[in-house]
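# Inside the fold
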Amino acid sequence: MLTEREAMMRALQLAATPGLPLGPNPRVGCVLLDDGGNVVADGFHRGAGTAHAEVDALSKAGAAARGATAVVTLEPCNHTGRTGPCAVALIDAGIRRVVFAQADPNPVAAGGADTLRAAGIEVEHGLLETEARALNRAWLFGLEHHRPLVTWKFASSVDGRSAAADGTSRWISNRAARADAHVLRARCDTTLVGTATVDADDPQLTVRDAHDRPLEHQPLRVVMGNRRLDPTRRVFDDAAETMQLRTHHPAEALAELFTRGRRHVLLEGGPTLAAAFVRAGLVDEIVAYVAPALLGAGSNAVADLGITTIGAALRPEVTGVAVLEGGEAEQPNVRITMTLR
């Protein structure tokens with residue numbers, strides 16, 4: 001037996017089911033409760049073109065849905081796209097009450113609550129809204145800014161070097177930091193590097209789990225720049241989809257990716273590419289893995305930003321700090337999460 005709050009927590013967990021393809025649609029979960037708080041059925045959205053969470057739950061419940069309460073993480077949609085409107089499906093199923101966390105900000109799909117009320121269904125919203133918004137942060141960002149959310153990730157020594165003077169960079173970070181970076185990569189639908197990074201480091205840019213196994217759904221690998229690349233580079237293997245964007249302009253790259261349905265870009269390129277995005281004002285979040293090492297020379301984590309005085313320094317807001325313990329013979333690393341917005 002669940003309260004509506006507990007049911008919403010369960011719906012959020014369902015919406016966040018790992019291993020699902022990300023974007024361009026929101027992640028949504030739904031739990032159906034009878035009058036005694038017993039779960040009749042539940043469901044979640046599994047990606048573009050699949051049944052929405054409400055329809056997934058209703059299909060499992062069948063006739064038992066009549067008179068139930070639907071607890072949903074997002075306002076039921078009110079439009080016909082690849083699937084029909086969820087508001088109508090709930091009405092047709094005989095749902096008595098709908099509780100949703102967040103109103104749908106998409107003008108194309110909004111209005112489900114009004115449709116439900118017009119049909120005599122009791123509607124409430126706002127339960128665990130903050131948690132629901134956090135779940136769909138990149139999707140919401142795209143609706144507002146009409147481009148993907150950009151997270152810049154880098155690893156460096158404590159003096160800000162991403163590679164030694166001879167070009168070596170493996171491994172600045174410890175194993176725990178590298179595993180954490182894979183978790184971060186799995187939360188994004190796109191990884192982006194420059195052609196120089198592909199030439200110098202030959203990264204594969206896939207996501208692997210704690211047992212070093214590739215995940216079923218991989219982010220799109222994007223290489224940005226006009227340089228011709230060796231087709232045998234690992235980024236072009238069949239482990240994941242790859243595309244090259246032949247531009248040096250961050251805004252052009254993001255516009256193209258947004259058109260292709262991409263909503264969260266993990267910027268993993270070198271210092272020159274990072275500087276281009278920062279100078280263009282197109283980095284929204286920074287995740288830095290800092291190792292207790294001093295190099296004194298070598299590549300900086302970011303190239304020249306055009307800042308010549310301390311008063312003009314960019315000062316991101318720190319939103320999180322975590323110590324990532326090292327393994328055998330490894331020192332702890334620190335993960336610092338910051339936002340530029």
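See the structure above.
None of these values were measured; they are calculated from a predicted model.

Taken in spatial order, the eight strands line up as S10-S9-S8-S11-S6-S12-S15-S14 in an open sheet, and their pairing is mixed. The open sheet terminates on both sides in strands that have one partner only, identified here as strand S10 (242–245) and strand S14 (317–324). Strand-to-strand twist of the sheet, defined as the mean angle between neighbouring strand axes without regard to direction, takes the value 20°. As judged from the seven bridges shared by S14 and strand S15 (residues 333–339), these two strands associate in the antiparallel manner. By the bridge assignment for S15, Ala322 is matched with Arg335. Sheet strands touched by helix H7 (residues 175–186): strand S6 (149–157), strand S8 (190–194), strand S11 (264–267), strand S12 (285–291), S14 and S15. Its angle to S12, the strand with the most contacts, is close to 165°.

For the structure shown, the criterion picks out 21 salt bridges. Arg96 is the salt-bridge partner of Asp35, the closest N and O atoms lying 3.4 Å from each other. In this pair, Asp35 sits in the loop between strand S1 (29–33) and strand S2 (39–44) while Arg96 sits in the loop between helix H3 (86–92) and strand S4 (97–102), placing the two residues 61 residues apart along the sequence. On the basis of relative accessible area, Asp35 is assigned to the exposed category, the value being 67%. Among the ionic pairs, Asp209 bridges to Arg213, the shortest N-O distance being 3.0 Å. What makes Asp209 partly exposed here is its relative accessible area of 26%. The exposure class assigned to Arg213 is partly exposed, which follows from its relative accessible area of 48%.

Let us look at the pairing of strand S3 (residues 69–74). Counting buried residues in S3 gives six out of six residues, a clear majority hidden from the surface. Two elements, S1 and S3, share four bridges in a ladder whose sense is antiparallel. Along S3, the bridge assignment pairs Leu32 with Ala70. Note: S3 against S4, five bridges, orientation parallel. The partner of Val72 across the bridge, within S4, is Phe100.

Below, the discussion takes up unusual backbone geometry. Unlike most non-glycine residues, His146 shows phi in positive territory, near 60°. Note that His146 resides in the loop between helix H6 (137–145) and S6. For His146, a relative accessible area of 57% puts it in the exposed group. Unlike most non-glycine residues, Asp212 shows phi in positive territory, near 65°. Looking at the element boundaries, Asp212 is found in the loop between helix H8 (195–201) and strand S9 (220–224). Judged by relative accessible area, which is 55%, Asp212 ranks as exposed.

Reading the values: the criteria
- All residue numbers refer to positions counted from 1 along the written sequence of the respective chain.
- Given that this is a predicted model, residues contribute local features only at a pLDDT of at least 70 and side-chain atom pairs are listed and counted only at 80 or more, while totals for whole chains, interfaces and linings are drawn from all residues.
- Side-chain metrics rest on all non-hydrogen atoms present in the structure, leaving aside hydrogens and water.
- Strands are labelled as partners when DSSP assigns at least two bridges between them.
- Going along the chain from the N terminus, every DSSP run of H or I of four or more residues is numbered as a helix, and every run of E of two or more is numbered as a strand.
- Note on definitions: angles span 0 to 180 degrees between N-to-C directions of axes, and those axes are lines fitted to C-alpha atoms, for helices only across the stretch in contact.
- Whether two residues are in contact is decided by their heavy atoms: any pair within 4.5 Å suffices.
- By convention in these notes, a salt bridge is any Lys or Arg side-chain nitrogen within 4 Å of a carboxyl oxygen on Asp or Glu.
- Throughout, exposure labels follow a simple rule: accessible area from a 1.4 Å probe, protein chains only, divided by the maximum for the residue type, with under 20% read as buried, over 50% as exposed, and the rest as partly exposed.

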